[in-house]
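Report on the structure
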Amino acid sequence: MKAESTSVRTRRVIVQYLKQEGATDAETLASHLNITAMAVRQHIYALQKEGLVTYQKEARPMGRPAKLWELTPAADRFFPDRYAELTLGLINSMKEAFGEEGFDRLLEVRTREQIQAYRAIMPRHAPLQQQLEALAVQRTEEGYMAEVTAQADGTFLLAEKHCPICAVATACTGLCRMELEIFQTVLGNDVSIERIEHILADDRRCVYLVIST
């Protein structure tokens, strides 16, 4: 029983790591977990049998192509959407009750509330990177697994590796549109922000390119 529990924990760590980092080879996973590559492969093959991971081959300068392991959509159950079924039902009910225009007005109210909430935690006079990091902390608390990366050219990437409202956003694309508007409003007119990767476009994560203008 103890060995089984250890295996389950190890596989959960692998799933979490692949969610965070994306496609990864067994050697990198082994280094992260401090176990042998052979042990990692045993766990990976078990996850593959469950339909949770798949791989793509990547050519290497020497030797055989490497297998880069990544999560399948079936692994989304380890990162559940927040009350997706209930929320989808409520959205459909609101559209039926208020019509599309009325529902859009409700989204506008939600947008204003989020802007106020984010402004409340934003260090207004701090450098852009600190503002983005404060935003990433808040978004992570909301389940988005957000992080900020400073690039060599002075721009920033705000990456969100999980979407806790993905099922809802698929049915209501206005939510994604409003999120971009929220970020822009909170960060101010001196900042340009563009979504360059999108989970709903089959990317692994949502990524926003942020430029100080």
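Residues numbered from 1 in each chain as written. Predicted model: local features only at pLDDT ≥ 70, side-chain atom pairs only at ≥ 80, totals over all residues. Heavy atoms only, no water.

- As recorded by an unreviewed UniProt entry, the protein carries the name Transcriptional regulator and is attributed to Nostoc cf. edaphicum LEGE 07299.

A short note on empty space enclosed by the protein
- Across all of its chains, the model carries one cavity of 30 Å³ or more by this definition.
- A volume near 70 Å³ is recorded for the largest cavity.
- Around the largest cavity, the lining is made up of 14 residues, and of these C163, C176, E179, H198 and C206 lie nearest the centre.
- Among the secondary structure elements, those contributing two or more residues to the lining of the largest cavity are α6 (166-171), α7 (174-187) and β6 (206-212).
- Split by residue class, the lining of the largest cavity holds nine nonpolar, two polar and three charged. (1 Å grid on protein atoms, 1.4 Å probe; cavity = no way out; pocket = protein on both sides within 12 Å on 5 of 7 lines; lining within 4 Å. Points joined across faces, edges and corners; volume = space filled by probe spheres on them. Helix = DSSP H or I, 4+ residues; strand = E, 2+ residues; numbered from the N terminus. Nonpolar A, V, L, I, M, F, W, Y, C, P; charged D, E, K, R; others polar.)

Notes on the UniProt feature "domain: Helix-turn-helix type" (unreviewed entry) in the protein
- If you check UniProt for "domain: Helix-turn-helix type" (unreviewed entry), the listed places come out as residues 11-52 in our numbering.
- Taken as a whole, residues 11-52 contains 76% helix and 0% strand, while its terminal C-alpha atoms sit 10 Å from one another. (UniProt positions renumbered as here; feature names shortened; annotations may be inferred.)

Regarding the nonpolar core
- One finds L128, L132, L158, F183, L187 and V210 to be the most contacted residues of the largest nonpolar core, which totals 30 residues.
- Going through the elements one at a time, α4 (84-121), α5 (128-141), β3 (146-150), β4 (156-160), α7, β5 (191-197) and β6 are the ones with two or more residues in this core.
- A total of six residues in this core trace back to one element, the largest contributor, which is α7.
- Residue contacts for L158: discarding those within four places in its chain leaves L135, A136, A146, E147, V148, F183, C206, V207 and Y208.
- In this structure, I14, L29, A37 and M145 belong to the second largest nonpolar core, which totals 18 residues. (Core = buried A, V, L, I, M, F, W, Y, C linked by side-chain atoms within 4.5 Å. Buried < 20%, exposed > 50% of the residue type's maximum accessible area, 1.4 Å probe, protein only. Contact = heavy atoms within 4.5 Å.)

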